[in-house]
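# Summary of the model geometry
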Amino acid sequence: MSVLEQKLTRLTAAGRFDICGAGECIQSLSSASCISYNRRTGGCGRMLKMLLNGSCSYDCAYCSIHLQREPVSLSPEELADAFLRLWRDGIVEGLFLSSGIPRDVDCVMHDLVETGEILRRRGYDGYLHLKILPGATRADIHDAARVADRISINLETTSPDRLGGIAGVKDYRQDILKRQSWVAEEKPGGHTTQFVVGAADETDAEILSCLADQHRRVRPSRIYFSAFNAIPGTPLAEHPDTPAWRARRWYQADYLLRDYGITADELRTILNEEGFFGDYDPKMVLAAANAPVNVNLAPRRDLLRVPGIGPKAADRIISLRRVHPFSGPADLLRAGIRGKAAGRHLVFSDRDTVQTKLFL
Ligand code: SF4
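Residues numbered from 1 in each chain as written. Predicted model: local features only at pLDDT ≥ 70, side-chain atom pairs only at ≥ 80, totals over all residues. Heavy atoms only, no water.

### Considerations on the environment of Ser159
Stated formally: Helix and strand definitions follow DSSP, with helices as H or I runs of at least four residues and strands as E runs of at least two, each counted in order from the N terminus. Buried, partly exposed and exposed residues are distinguished by accessible area as a fraction of the type maximum, computed with a 1.4 Å probe on protein chains only: under 20%, between the cut-offs, and over 50%, respectively.
Inspection of the secondary structure assignment puts Ser159 in the loop between β6 (150-152) and α5 (160-166). Judged by its relative accessible area of 18%, Ser159 falls in the buried class. Along the primary structure Ser159 and Ala200 are separated by 41 residues, whereas in three dimensions their C-alpha atoms are 9.8 Å apart.

### Details of the side chain of Thr193
Which entries qualify depends on this criterion: Here a polar contact is taken to be a pair of N or O atoms separated by no more than 3.5 Å, where protein atoms must pair a possible hydrogen donor with a possible acceptor and residues adjacent in sequence count only if both atoms sit in side chains. The criterion used for residue contact is that any of the two residues' heavy atoms lie within 4.5 Å.
Within the secondary structure, Thr193 sits in strand β7 (residues 191-197). Classification of Thr193 as buried rests on a relative accessible area of 1%. A polar side-chain atom of Thr193 sits 2.7 Å from the main-chain carbonyl oxygen of Ile153. Among the polar contacts listed, one links the side chain of Thr193 to the backbone nitrogen of Leu155, at a separation of 3.0 Å. Leaving out residues up to four positions away in the same chain, Thr193 has contacts with Ile153, Asn154, Leu155, Gln180, Gln214, Arg222, Ile223 and Tyr224.

### Some words on the packing of helix α3 (residues 105-121) against helix α4 (residues 138-147)
Worth spelling out the cut-off: Interaxial angles span 0 to 180 degrees and are taken between N-to-C directions of axes, which are lines fitted to C-alpha atoms, for helices over the stretch in contact. Any angle from 65 to 115 degrees is called roughly perpendicular, while one under 35 is roughly parallel, one over 145 is roughly antiparallel, and all others are oblique. Each crossing gets its handedness from the near helix: less than a right angle anticlockwise from the far helix is left-handed, clockwise is right-handed.
In the contact formed by α3 and α4, the axes pass within 10 Å of each other and the chain directions differ by 25 degrees. It follows that α3 is roughly parallel to α4 by the angle criterion. You can see that α3 and α4 cross each other, and the crossing is left-handed. Residue-level contacts link Asp106, Met109, His110, Val113, Gly116, Glu117 and Arg120 of α3 to Asp140, Asp143, Ala144, Arg146 and Val147 of α4.

### Concerning unusual backbone geometry
With phi around 70 degrees, Glu156 is a residue other than glycine that occupies positive phi space. Examined against the element boundaries, Glu156 turns out to sit in the loop between β6 and α5. In this structure, Asp201 is a non-glycine residue whose phi angle is positive, near 60 degrees. Among the secondary structure elements, Asp201 is positioned in the loop between β7 and α7 (204-217).

### Here we look at the environment of Leu155
Its place among the elements puts Leu155 in the loop between β6 and α5. For Leu155 and Val196, which are 41 residues apart along the polypeptide, the C-alpha to C-alpha distance reads 8.5 Å. If we skip the residues at most four places from it in the chain, Leu155 touches Tyr172, Ile176, Leu177, Gln180, Thr193, Gln194, Phe195, Cys210 and Gln214.

Below, the structure written as structure tokens:
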């Protein structure tokens, strides 16, 4: 294996901790790995996800990159060359580029932006996601937003106190929240963030308050959740892992906040006394506490509260019932509404005092 191939192997392996798509899966290339992701336009794409620098001078307790004894990095030209070869050979379609911070943040951020600029100058017109590093300057964020399709800065956890317990260098308010507000201004509708759920022992109640604030203030297009997994050799090596289902439930809860009109206060009603969700679909739990919904009369916001009905299905119901009211399960099936989940929570008229079990 050439030196370049060895570097690619290490830098793609180190890039696995950043998430750029729910349910992403890793595939091997000849000298590196890439992830497959769901294209918005349908089908599956392949994205190279990697770091520019595989070492770091910061001290985040959940991360192993700062433990690397042999620093590894590529220059912007080397990374652009390697990526363009893979892209032109049709092996990958997109690039997600982040970096450790082995030296001054501004130098590393500048290299990330320069990599993007080289790629664009050399004809790359595909998807590019650049990570914004904590403490980045406004000018670098502006340049990254100009060259990339998407940019992101990781919150990791919910508050200055929580971050202080797991990362001694990063300042939550200054280095992350302030930068995130610049990110939102420079790339409205094109930025994301990520939580490492459980690393700082935050409760779901704390995450919920933080998410409500995110959606009100900076409106990330996606929030990613990774369940904390202890890495041997790190200060959190003995910390219990977060069960995968907790991150999965957070994706569901975040969809409800973002796309379904369900409020943080409603979600708070299903937290337990310690401030945590159980391993249940939060939409199912909320629906179980409410009366069934009249499919012919309910406003869109109430239809969206029915398990199995999403924004598209709610719109389809509203347009179809204008022409022909729903009279039974067959009408729902014709509208593409399937499954027991919806049936348990729908009635066809207000005379249906007993819940109609449509699909049982
Ligand atoms: S800033 Fe923290 S999380 Fe990011 S690479 Fe450095 S040590 Fe890891």
